Amino acid sequence: MGQCCSGPAPTASSCTVLFFPDAKMPCRNYLQGTVCRRKNCAYAHTRTSLVALLQVLRSAKKSLYVCVYTITCNEIAEELVRAKKRGVQVCVITDDELVDALGSDIRMLKQARIPVKIDKGRKAYMHHKFCIVDEKILLNGSFNWTRNGVLGNNENIVITRDAKLCQTFQAEYNRMWKASSPCEGRRVLHEQNRSSVRSACSGSCRLARDAAPQERACPGPDGMQGLQSVPTPCGGGGRNGIESAIDICSFAGQIPVGGCVAGW
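Scoring rules and cut-offs
Residues numbered from 1 in each chain as written. Predicted model: local features only at pLDDT ≥ 70, side-chain atom pairs only at ≥ 80, totals over all residues. Heavy atoms only, no water. Core = buried A, V, L, I, M, F, W, Y, C linked by side-chain atoms within 4.5 Å. Buried < 20%, exposed > 50% of the residue type's maximum accessible area, 1.4 Å probe, protein only. Helix = DSSP H or I, 4+ residues; strand = E, 2+ residues; numbered from the N terminus. Contact = heavy atoms within 4.5 Å. Phe/Tyr/Trp six-rings, centres within 6.5 Å; stacked < 30°, edge-to-face > 60°. pLDDT = per-residue confidence, 0-100. Pairing = 2+ DSSP bridges. Right-handed = clockwise from strand over helix to strand, strands pointing away.

A. Structural view of the nonpolar core. Within the largest apolar cluster, 47 residues are counted, with the highest numbers of intra-cluster contacts made by Leu64, Leu80 and Trp145. No other element matches the seven residues that helix α2 (residues 49-58) contributes to this core. Aside from chain neighbours lying at most four places away, what touches Leu64 is Leu57, Leu80, Ala83, Val88, Gln89, Val90, Cys91, Cys131, Ile132 and Val133. The next biggest cluster of nonpolar side chains, apart from the first, holds 13 residues, and it includes Met126, Phe130, Tyr173 and Met176.

B. Spotlight on the packing of aromatic side chains. Considering all chains together, one arrives at six aromatic pairs under this definition. Between Phe20 and Phe143, the aromatic rings sit 4.2 Å apart at their centres with planes inclined by 15 degrees, giving stacked as the arrangement. Taken together, the positions of Phe20 in strand β1 (residues 15-20) and Phe143 in the loop between β6 (137-141) and α5 (147-151) put the pair 123 residues apart, joining distant regions of the chain. With respect to class, Phe20 is no different from Phe143; both count as buried. An aromatic cluster of three or more residues is present, and its members are Tyr65, Phe130, Phe169, Tyr173 and Trp177.

C. How the structure looks around the confidence of the model for the chain. Per-residue pLDDT for the chain averages 74, and the proportion of residues at 70 or more is 65%. Low pLDDT, under 50, characterises residues 1-8; the predicted model gives this stretch 21 contacts beyond four residues in sequence or across chains. This stretch, residues 187-264, has a pLDDT under 50; its non-local contacts, to residues over four places away or in other chains, come to 141 contacts.

D. Here's a closer look at the pairing of strand β3 (residues 89-94). By the criterion of burial, β3 is predominantly enclosed, with six of the six residues buried. By the alternation rule, side chains of β3 split into Gln89, Cys91 and Ile93 and Val90, Val92 and Thr94, which are all buried. Both strand β2 (residues 63-68) and β3 contribute to a ladder of five bridges, which runs parallel. Its bridge partner lying in β3, Leu64 is registered against Val90. Where the polypeptide runs from β2 across helix α3 (residues 74-85) and back to β3, its parallel neighbour, the crossover connection is right-handed. Bridge count between β3 and strand β4 (residues 116-118): three bridges; the pairing is parallel. By the bridge assignment, Val92 is partnered in β4 with Val116. A crossover connection joins β3 to the parallel β4 through helix α4 (residues 106-111); in handedness this β-α-β unit is right-handed.

E. Unusual backbone geometry, seen in detail. With an omega of 15 degrees, the peptide bond between Phe20 and Pro21 qualifies as cis. Phi is positive for Arg113, close to 65 degrees, though the residue is something other than glycine. For Arg113, the location among the structural elements is in the loop between α4 and β4. Here the phi dihedral of Glu135 falls at roughly 60 degrees; this positive angle occurs in a residue that is not glycine. Mapping Glu135 onto the fold places it in the loop between β5 (129-133) and β6. Residue classification places Glu135 among the partly exposed residues on the basis of a relative accessible area of 37%.

In structure tokens form, the structure reads like this:
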């Protein structure tokens, strides 16, 4: 227990393959490199396929260009947020239909001021699952960035440093970025939480439909202008079950992306 999973991306060969499902989700103590003191911890303390994926994302120094159908695996979303905080340029393209689905981590990414674009207006799915790390490592395969993808499905990720493949996928990412639409936050309150919100707030905070007056403009990185919500008296700025579906974050303007991806 308590072994550190941190380390560089696999370098033994130009191509590595990860297979899913994993038997268990990784222990957060293990991911953080600290000792797990829980007796009979039910989580993994070894280098699983998810841990290997997180290591590659953690190795990013300059950029992470993500193009995936959906993201519901919190461990992956949190790794993207950490990358953003340490100065890595993180950009995400995803399918429009699942942006506000229950369990989606897109809201977390937008709150971290990670630019997100969607295939708005298309009847077909944006069904890619690839990521380009520092423009020199490609992750591509069937793996959905979801908890069920980690624990349930038979999936794969091929990790390669092939320069030609990386360039080809980068060109496709650039094309899709220009063709996609900004992901604007939606004020969505799931039906199952409406009564909980009313009883918990007891009139001390506004419901999602009244959130607009509480928004205030705030400058984001790269000259981006966003909207930031003011916490309500009941602490509605947290990430709990009651308010997890309320999203009043939206972005506009031009986002310069690494000299490769442009046109927000």
